[in-house]
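Listed below, chain by chain, are the residues.
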Amino acid sequence: MASLSFKHIYKKYPGGVTAVSDFCLEVKDKEFIIFVGPSGCGKSTTLRMIAGLEEITEGELFIGDRLINDVAPKDRDIAMVFQNYALYPHMTVFDNMAFGLKLRKVPKETIKRKVEEAARILDIAHLLDRRPKALSGGQKQRVALGRAIVREPKVFLLDEPLSNLDAKLRAAMRTELTKIHQRLGTTFVYVTHDQVEAMTMATRIVVMKDGLIQQVDTPQNLYDYPANTFVAGFIGTPQMNFIDATLKKDGSDVYIVFGKNEIKLPAEKAQDPALADYIGKEVIVGVRPECLKDEPLAISTMADSVIDAHVDVTELMGAEIYLYVSTDGIDPSAPQNLIARVSPRAVARTGDDIKLAIDVQRIHIFDKDTEMCIVH
């Protein structure tokens, strides 16, 4: 097994296009690390540089203590699982899984043992005689994983392996992948644009945008302490509400003001020295949908943070309701739109005027210009 070390990695293409910039990261042995970000952010390019399918323009990449910049892909001791499975249609499942071992002249008995063991782990032992066209998408994905597992690589690279599956199967495969990682005890580097996959499987997440790392942390820390508005908006479903507001000071109290709404900050946030330079200035306030409360108890106990809102749309999700509401904004000509995530027993319906209490203990305040977080 092995750690990975990225030291100031750049990937530049002819014509001046830079896909990855100054990528620095230490991946621990046996870690399940996930690169997440929108299309074109550089995450797959980074994965392909680890695999040796893309040359590194600048910087150094180590697997364990070994510099691999100029090492051929076949000698890097990695295995890659692709989005489209890349199975040989004319071969059986057994032969697909065994192919890499046969090329390495591994003895037949060893190949048989390794393939059968991997098939048992992946619950595809009954499929070994079938060809890929007779398999479902989930079964093909397991075969592609099995082909990687039998090689016993130091590092697994997975490039959006679940994106071709339907929603139900994707959820099941997320659980399976987590179990496989725990069973194998190998380093996993996984690329996805789906933040739900990242939140549910990763030990740490690398959030990328425009070839740059925005933040690296555990899923919970990314959710609770986003470094900037991009991370805050990317992690979480539905995404965080962003409110354009002004900070106002009255004695020792600090208020968030947008339209007719005045929200009093809790004392510990109001006294944070980082806020001192922002009094009287515009900021961006981040509020998670679940931090907007419609229960009478919350409204009565959080009287300093209650706003009036109009319900535009309701979405019943079964275990919860999403309320799409509008309230007074900083611009008198444009309402502030928000999403509240409330109990399925909520009585608010489209067209209602309601009150919502904001859980001020869990709001975030961002700099309007840099979009970096000032106060969590």
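Residues numbered from 1 in each chain as written. Predicted model: local features only at pLDDT ≥ 70, side-chain atom pairs only at ≥ 80, totals over all residues. Heavy atoms only, no water.

Q: Honestly, the sheet that holds strand E13 (residues 261-264) in this entry has me stumped. Any pointers?
A: Strands pair in a sheet through their backbones, by hydrogen bonds, and they do so in one of two ways: parallel or antiparallel. Pairing within the open sheet is antiparallel, and its six strands lie in the order E13-E12-E11-E14-E20-E21. Of all the strands in the sheet, the pair left with one neighbour each is E13 and strand E21 (373-375). Each adjacent strand pair in this sheet contributes to an overall mean axis angle of 45°, direction not counted. Two elements, strand E12 (residues 253-258) and E13, share four bridges in a ladder whose sense is antiparallel. Each residue of the ladder has a partner; that of Tyr255, found in E13, is Lys264. (Pairing = 2+ DSSP bridges. Helix = DSSP H or I, 4+ residues; strand = E, 2+ residues; numbered from the N terminus. Axes fitted to C-alpha atoms, helices over the stretch in contact; angles between N-to-C directions.)

Q: Help me understand the sheet that holds strand E4 (residues 58-63), please; the structure alone is not making it clear to me.
A: With antiparallel pairing, the four strands of this open sheet are ordered in space as E2-E1-E4-E5. Both edges of this open sheet fall to strand E2 (17-27) and strand E5 (66-67), since each of them pairs with a single strand only. Where strand E1 (residues 4-13) lies against E2, seven bridges are found, and the strand directions are antiparallel. Within E2, the position partnered with Ser5 by the bridge is Glu26. Relative to the sheet, helix H1 (residues 43-51) contacts E1, E2 and E4, its axis offset from that of E1 by approximately 115°. (Contact = heavy atoms within 4.5 Å.)

Q: Explanation requested: H1 in the structure shown.
A: Because each turn of an α-helix spans 3.6 residues, side chains separated by three or four positions end up pointing in the same direction. With seven of nine residues buried, H1 is to be regarded as a mostly interior element. Among the residues of H1, those classed as buried are Lys43, Thr45, Thr46, Leu47, Met49, Ile50 and Ala51. Directly after H1, the chain includes Gly52, whose backbone phi takes a positive value near 90°. (Buried < 20%, exposed > 50% of the residue type's maximum accessible area, 1.4 Å probe, protein only.)

Q: What should I look at first to understand the pairing of strand E3 (residues 32-36) in this one?
A: The side chains of a regular strand alternate between both faces of the sheet. Taking burial as the measure, the five residues of E3 include five buried ones, the bulk of the element. Of the two faces of E3, the one lined by Phe32, Ile34 and Val36 and the one lined by Ile33 and Phe35 are each fully buried. Two strands pair when backbone bridges link them, and E3 and strand E8 (residues 187-192) are joined in this way by five bridges, in the parallel orientation. In the sheet register, Phe32 faces E8, and the bridge partner there is Phe188. Direction of pairing for E3 relative to strand E9 (residues 204-209): parallel, over a ladder of four bridges.

Q: How do you make sense of the side chain of Thr187 when you look at a structure like this?
A: Looking at the secondary structure, you find Thr187 in strand E8. On the basis of relative accessibility, which here comes to 0%, the residue Thr187 falls in the buried class. One polar contact links the side chain of Thr187 to the main-chain carbonyl oxygen of Ala2, over a distance of 2.5 Å. Once residues within four sequence positions are removed from consideration, Thr187 is found in contact with Ala2, Val27, Lys28, Asp29, Lys30, Glu31, Lys154, Val155 and Phe156. (Polar contact = N/O pair within 3.5 Å; in protein donor to acceptor, adjacent residues only side chain to side chain.)

Structural measurements only, silent on function.
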